Amino acid sequence: MCGIYGCFHKNSFNYSIREFIDNLNLLKSRGPDNSGYLEIELNENKLKLGQTRLSILDLSLNANQPMISSDGNLIIVYNGEIYNHLTLRNQLDQNFRSTGDTETLLEYINKFGIEKALKDARGMFAFCIFNKKDNTLILARDLAGEKPLYLNFNENFFTFSSTLEPILNLSKEKNTLNLFAIQQYLMFNYFPQPLTVFNSCFKLPQSSYIKINLNKFHFRKYLDFNELIETNFITHQKWWKINNTNQYKDFEFDNIPKTIKKTESLIENSVNSKLISDVPVGLFLSGGIDSSLI
């Protein structure tokens, strides 16, 4: 499962590495096998990145995070799994340090860029990429929003996390409840994105990413996600939309036998792609239609 956590804060904001590690340890239940962190000085500010790891692919220390790209330019903290990472890896002409999907994703982004990487990757993920050349952060989330990613901005820091606990623990002020979000939860039985139960916290919407220019970053509190993404230091992009139906153009929906065969093939390929693991694989089956298909 893994957990990621990061904070960009003013030097004047007293936030030590020890305190950062304590907050990072709140994610240990998501990643009990290993944890790592680093701190980067950026002008009068500091960037801290951390990850707690649940080892699935490549159980060695070579696959631990934060991970730095082969050219030293990109740094990633990542939660998830890229099911087609071996296919992506075949497009990269280089020597790898690990056999895990983290390095594949990192080097693929480094070579082809974030847009192509997100469109080519098949999996569940939430990650942060720091680009040392231009001092930018990219935070991205998978197509369906399987992996969580929470954001918080105020006058002293910007922080992100796989869960709300480190964010709430870092904040020195009382977080007020978002009554509209609670109303939506009672209506739909979930918090519509980008809302959370707190006014000051957002969920990054699924199938999207934000790019943050840390050179232009302005520390202030944001209570409205739309206001946040309209600032001059943040770019928000949807990398997939529901009307992207070109992948289904070879379906003959009026030919029932062919459609059934094609659907069965898609399900088999999907399940097979999720069986790649260096640890035992288990399934939770509820007994419903989807479990019966699997």
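About the thresholds
- Residues numbered from 1 in each chain as written.
- Predicted model: local features only at pLDDT ≥ 70, side-chain atom pairs only at ≥ 80, totals over all residues.
- Heavy atoms only, no water.
- Disulfide = S-S within 2.5 Å.
- Buried < 20%, exposed > 50% of the residue type's maximum accessible area, 1.4 Å probe, protein only.
- Helix = DSSP H or I, 4+ residues; strand = E, 2+ residues; numbered from the N terminus.
- Expected span 1.5 Å × (residues − 1).
- Polar contact = N/O pair within 3.5 Å; in protein donor to acceptor, adjacent residues only side chain to side chain.

A.B. asks: For this particular structure, what's the right way to read the state of the cysteines?
C.D. replies: Any covalent bond linking the sulfur atoms of two cysteines counts as a disulfide. The tally for this structure, following the rule as stated, stands at 0 disulfides. Cys-128 takes part in no disulfide bond, and the closest cysteine sulfur, belonging to Cys-7, lies 12 Å away. Judged by relative accessible area, which is 0%, Cys-128 ranks as buried. Cysteine Cys-201 remains unbridged, with the sulfur of Cys-7 as its closest cysteine sulfur at 13 Å.

A.B. asks: Looking at this model, I keep getting lost on helix 8 (residues 256–273). Mind explaining?
C.D. replies: For the α-helix, the turn length of 3.6 residues means that residues three or four positions removed from each other point alike. Its 18 residues give helix 8 an end-to-end C-alpha distance of 26 Å, which sits within 8% of 26 Å, the value for a rise of 1.5 Å per residue. For helix 8, the N-terminal capping position is held by Asn-255, with its side-chain oxygen 3.2 Å away from the main-chain nitrogen of Lys-258.

A.B. asks: Could you clarify how one ought to interpret unusual backbone geometry in this entry?
C.D. replies: Apart from glycine, the bulk of residues carry a negative phi angle, and the bulk of peptide bonds sit in the trans form. Along the chain, Gln-65 connects to Pro-66 via a cis peptide bond; the corresponding omega equals 0°. For the peptide bond that leads from Gln-193 to Pro-194, omega is 10°, which places it in the cis range. At Ser-207, a position not held by glycine, the phi torsion is positive, near 50°.

A.B. asks: Hey, could you run me through helix 6 (residues 179–188) in this one?
C.D. replies: The N-cap of helix 6, judged by a side-chain oxygen 3.2 Å from the amide nitrogen of Phe-180 a few residues on, is Asn-178. Count one or two residues on from helix 6 and you reach Asn-189, which has phi positive near 70°.

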